[in-house]
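Structural features, examined
Spelled out, the chains give:
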Amino acid sequence: KERLSFLSSAERRKVLSCINDEEASNLFHDKHACYLKFQKYFRREQICVCSNNDFAEFRKFCGKVPVFVKKPLVAQKGKGVAPIYIDDTTDLKALMEMLLNENGPFVAEEMIKTHESINALNPDSVNTVRVETFFDGRTATIANAFLRVGKAGHFVDNGSAGGIIVP
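All values derive from a computational prediction rather than experimental measurement.

**A word on a nonpolar patch on the surface**
Together, Leu-7, Val-15, Ile-19 and Phe-134 line one region of the surface with nonpolar side chains, adding up to about 370 Å² of accessible area. Along the chain, Ile-19 falls in helix α1 (residues 9–19).

**Describing the pairing of strand β4 (residues 106–110)**
Within β4, 4 of the 5 residues are buried, which leaves it mostly tucked inside the rest of the structure. Here strand β1 (residues 46–49) runs beside β4; their pairing, made up of 4 bridges, is antiparallel. Among the inter-strand pairings, Val-49 is bridged to a residue of β4, identified as Phe-106. Where strand β2 (residues 67–72) meets β4, 5 bridges bridge the pair, whose relative direction is antiparallel. Bridging from a neighbouring strand, Pro-72 pairs with Phe-106 of β4.

**A look at unusual backbone geometry**
What is expected of a backbone is that most residues other than glycine have negative phi and most peptide bonds are trans. Of note in the backbone geometry, Arg-43 takes a positive phi value of approximately 55° without being a glycine. Relative to the helices and strands, Arg-43 resides in the loop between α4 (39–42) and β1. Looking at Arg-43, the relative accessible area reads 78%, which means it is exposed.

**Structural notes on the nonpolar core**
If you look at the biggest cluster of nonpolar residues, it comprises 17 residues, and the most contacted ones within it are Val-49, Phe-58, Phe-68, Ile-86, Met-96, Leu-99 and Phe-106. At the level of elements, β1, α5 (55–64), α6 (92–103) and β4 are the ones that each hand at least two residues to this core. Of all the elements, α6 adds the most residues to this core, at 5 residues. In this structure, Leu-99 is in contact with Phe-58, Phe-68, Lys-70, Ile-84, Gly-104 and Phe-106, ignoring residues within four places of it in sequence.

The rules behind these values
One numbering rule holds for all chains: residues counted from 1, following each sequence as written. Totals for whole chains, interfaces and linings use every residue, but because this is a predicted model, local features are given only for residues with pLDDT of at least 70 and side-chain atom pairs only at 80 or more, for both listing and counting. The side-chain figures draw on all heavy atoms in the structure; neither hydrogens nor water molecules are used. Any residue with relative accessible area above 30% and no salt bridge may belong to a patch, with like charges joined within 9 Å and the nonpolar Val, Leu, Ile, Met, Phe, Trp and Tyr side chains within 5 Å. All accessible areas in this document rest on Shrake-Rupley with a 1.4 Å probe, and a residue is counted as covered only by the protein chains that are shown. For this analysis, a salt bridge means a side-chain nitrogen from Lys or Arg found within 4 Å of a carboxyl oxygen belonging to Asp or Glu. Elements are defined by DSSP. Helices are runs of H or I of four residues or more, strands are runs of E of two residues or more, and each kind is numbered from the N terminus. Note on exposure labels: buried denotes an accessible area under 20% of the residue type's maximum, exposed denotes more than 50%, and partly exposed covers the range between, all computed with a 1.4 Å probe on protein chains only. For two strands to be treated as a pair, DSSP must find no fewer than two bridges joining them. Put simply, a nonpolar core is a bunch of buried Ala, Val, Leu, Ile, Met, Phe, Trp, Tyr and Cys residues held in one set by side-chain atoms that sit within 4.5 Å of each other. Residues are treated as being in contact if the distance between any of their heavy atoms lies within 4.5 Å.

In structure tokens, the structure reads:
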């Protein structure tokens, strides 16, 4: 009886596709489009690198942000997400080409610094709080909230990467 009160991942996706606006859903799947729309809330730098033509912007970004997170432009479950560290010996052109070859277009995003109290749960990942809401056109209602904590030694906090999800 209790198991029937939960949705499987497949059922959840089906429900979300019925109630979510397709254009809004697509916005959240494109990491750079989402950043551009909600930039004032991010409070960190991000650039999108789609091809070798973006090298000047990538070089400028690396000059300001020597530690950043590389994320594939469109991906889920932490796939392809990794920290990147730049120093004086880094060949930026070769690095950018290698990152493009790994997963195609990507975003480079300034690293988030978490508070020490949440960092104590797992210092290897950025542990996050997720709040799922439902908006009926007038009122936003919190549907679910949970904490995600990464697995020791892993950079991402995704459940699919061994992290835990705490209601």
